[in-house]
Amino acid sequence: MMKLPFTFGTDQLLFRLVLPGLILALLLWPAGVSVDGASVDPLLYLPVVALFAGWLLGLCDTQIYMLYEGRRYWPMRLRCRALRREQRRLRRLEASAERARASGDRQRYLEACSDIARFPLAPDGERYAAMPTRLGNLMYEYELYPSCKYGLDSVFFFYRIWVSIDKDLRDEIDRKQASVDGALYLSFVLALAAVWFFAWFWILLAADSSGRSVQSLSPWLLGLGERIELAWALPTWVNLQLSGICLVLAYGVYRLSLYAHAQYGEFFKALFDQHRSRLQHQDLLDYLAQATGDPSLGAADFKQANTAVWRYLRWHKVRLSGQAENRNLEAILAARREEDAPAAARIHPQLRHTVR
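Starting from 1, residues in each chain are numbered consecutively following that chain's sequence as written. Whole-chain, interface and lining totals are the exception, using all residues; otherwise, since this is a predicted model, local features are given only for residues with pLDDT of at least 70 and side-chain atom pairs are given and counted only at 80 or more. Side-chain metrics in this entry use all non-hydrogen atoms of the structure; hydrogen atoms and water are not considered.

(A) Here's a closer look at the overall build of the protein chain. Helix and strand definitions follow DSSP, with helices as H or I runs of at least four residues and strands as E runs of at least two, each counted in order from the N terminus. A tally of helices and strands in the protein chain yields 13 helices and five strands. Exposure is judged per residue with a 1.4 Å probe applied to protein chains only, and the accessible area is read against the type maximum: over 50% gives exposed, under 20% gives buried, and values in between give partly exposed. Burial analysis of the protein chain (356 residues in total) assigns 37% to the buried set. Contact criterion: two residues are considered in contact whenever any of their non-hydrogen atoms come within 4.5 Å of each other. When contacts within the protein chain are restricted to residue pairs at least 6 apart in sequence, long-range pairs at least 24 apart make up 68% of them. Method for areas: the Shrake-Rupley scheme with a 1.4 Å probe, in which residue coverage is limited to the protein chains shown. For the protein chain, the exposed area adds up to about 20500 Å²; of that, 60% sits on carbon and sulfur atoms.

(B) Just the packing of aromatic side chains, in detail. For this analysis, a ring pair means two rings from Phe, Tyr or Trp (six-membered ring only for Trp) whose centres lie within 6.5 Å, classed as stacked if their planes differ by under 30 degrees, edge-to-face if by over 60, and tilted for the remaining angles. Tallied over the full model, the rule gives 17 aromatic pairs. Measuring from centroid to centroid gives 5.3 Å for Phe-268 and Phe-272, while their planes differ by 55°, and the two rings are tilted. Remark: Phe-272 and Phe-268 occur in helix α10 (residues 236-275); sequence separation between them is four residues, near one turn of the helix. Since its relative accessible area comes to 3%, Phe-268 is described here as buried. An aromatic cluster of three or more residues is present, and its members are Tyr-142, Phe-158, Tyr-159, Trp-162, Tyr-264, Phe-268 and Phe-272. In this analysis the charged atom, NZ for Lys or CZ for Arg, is taken to sit over a ring once it is within 6 Å of the ring centre and within 35 degrees of the ring normal. Between the NZ or CZ atom of Arg-160 and the centre of the ring of Phe-156, over which it lies, the distance is 3.7 Å.

(C) Representation of a nonpolar patch on the surface in the model. To count toward a patch, a residue needs a relative accessible area over 30% and no salt bridge; like charges are then connected within 9 Å, while nonpolar side chains (Val, Leu, Ile, Met, Phe, Trp, Tyr) are connected within 5 Å. Counted as salt bridges are all cases of a side-chain nitrogen of Lys or Arg within 4 Å of a carboxyl oxygen of Asp or Glu. Residues Phe-52, Trp-55, Leu-56 and Leu-59 make up a contiguous nonpolar surface patch of about 420 Å² in total accessible area. As for its placement among the helices and strands, Leu-59 is situated in helix α2 (residues 42-59). With a relative accessible area of 52%, Leu-59 lands in the exposed category.

(D) Here's a closer look at the side chain of Thr-133. On the secondary structure map, Thr-133 appears in the loop between α5 (106-116) and α6 (134-150). From its side chain, Thr-133 meets the backbone oxygen of Tyr-68 in a polar contact 2.8 Å long. Dropping the residues within four chain positions of it, Thr-133 is found in contact with Tyr-68, Glu-69, Gly-70, Trp-74, Glu-86 and Tyr-254. Whenever a nitrogen or oxygen atom comes within 3.5 Å of another N or O atom, the pair is scored as a polar contact, on the condition that within protein one atom can donate a hydrogen and the other can accept it, and that pairs from neighbouring residues in sequence are kept only if both atoms are in side chains.

(E) The environment of Val-180, seen in detail. Relative to the elements of secondary structure, Val-180 occurs in helix α8 (residues 167-210). Those residues within four positions of Val-180 in sequence are excluded, and the remaining contacts are Tyr-65, Ala-260, His-261 and Tyr-264.

(F) Focus on α10. In this model α10 runs 57 Å from its N-terminal to its C-terminal C-alpha over 40 residues, within 8% of the 58 Å that 1.5 Å per residue would give. Leu-258 marks the point of greatest bend in α10, at about 25°. Here the expected span of a helix is defined as 1.5 Å times the quantity of residues minus one. Bend is computed residue by residue as the angle between axes fitted to the seven residues ending at the residue and the seven residues starting at it.

(G) A positive patch on the surface, seen in detail. Together, Arg-77, Arg-81, Arg-84, Arg-85, Arg-88, Arg-91 and Arg-92 make up a positively charged patch on the protein surface. Structurally, Arg-85 can be placed in helix α4 (residues 76-103). Judged by relative accessible area, Arg-85 falls into the partly exposed class, the value being 45%. Lys and Arg are tallied as positive, Asp and Glu as negative. Neither His nor the chain termini are counted. By convention, the charge on Lys lies at NZ, on Arg at CZ, on Asp at CG and on Glu at CD.

Below you can see the structure in the form of structure tokens.
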């Protein structure tokens, strides 16, 4: 998976930094926090913490996406179960589409096909579940689209197209991306808040069961030291309720964001559909054909040509006609020189005899 480059314009700043950072600062408001008896000024706390939290979320952008895609940070057993669930969901959608087609229910058929289209295409043209989450399969589908249709690796060639299009188009695409980034950041912030309130529920529960005061127990648990007194103002079970509410909201925002992600995916695919011609690499193909002595590289169809260019530029590898192995270009050139050396040695004495 990939994460595209982004900037911080007005809309982008609001969605990516200010809004999620402010909500995180509000949800994790340190009620009753005092340092040496002096309360924290909310007018100082809110802007500083909100901006810092938003900036930190931006730094963790790729990690947040990988978590929600199911690409990393999942226990293997949980990941396998979630992947099987996505596979079953795909089969149910396919069965639903078939039943709707057989019964003539066009609306239901189109809805099922629309959901099926959010799964990536396998090399045989069939849909499959590649990731354990809906977002992961959705992103996998539109990121594999350029490779499936044009032989273009989206992670590699997106940046090449990005620098060739005009600024207005870049800003428009970035605004679309900022809205989905902000939604995912918000879901992540709510999930963090759920963990936070749940942790405080256990802290207060431990304090109640041990008969100790929260003021004496919480610094021991959190390692805040003697100078900081934490007195969370909410009752024990209220923290548990807030944890559940935040968890439900996090999941709800995530599910709602899938529609925005799907819309952004269509813009992403349209960028390759309409602007792939800006990728000019025939001169590179001609060079590879001449250097390797394989004329098929220069005369390849557009999908094979795009794959050959990606293979060389990204990995410095070349695959010759009739071979299944990618080889380093220097290794191919060295092998050609070794093949030419005996022939040159045989011709050289004849040339000397002719001169005499």
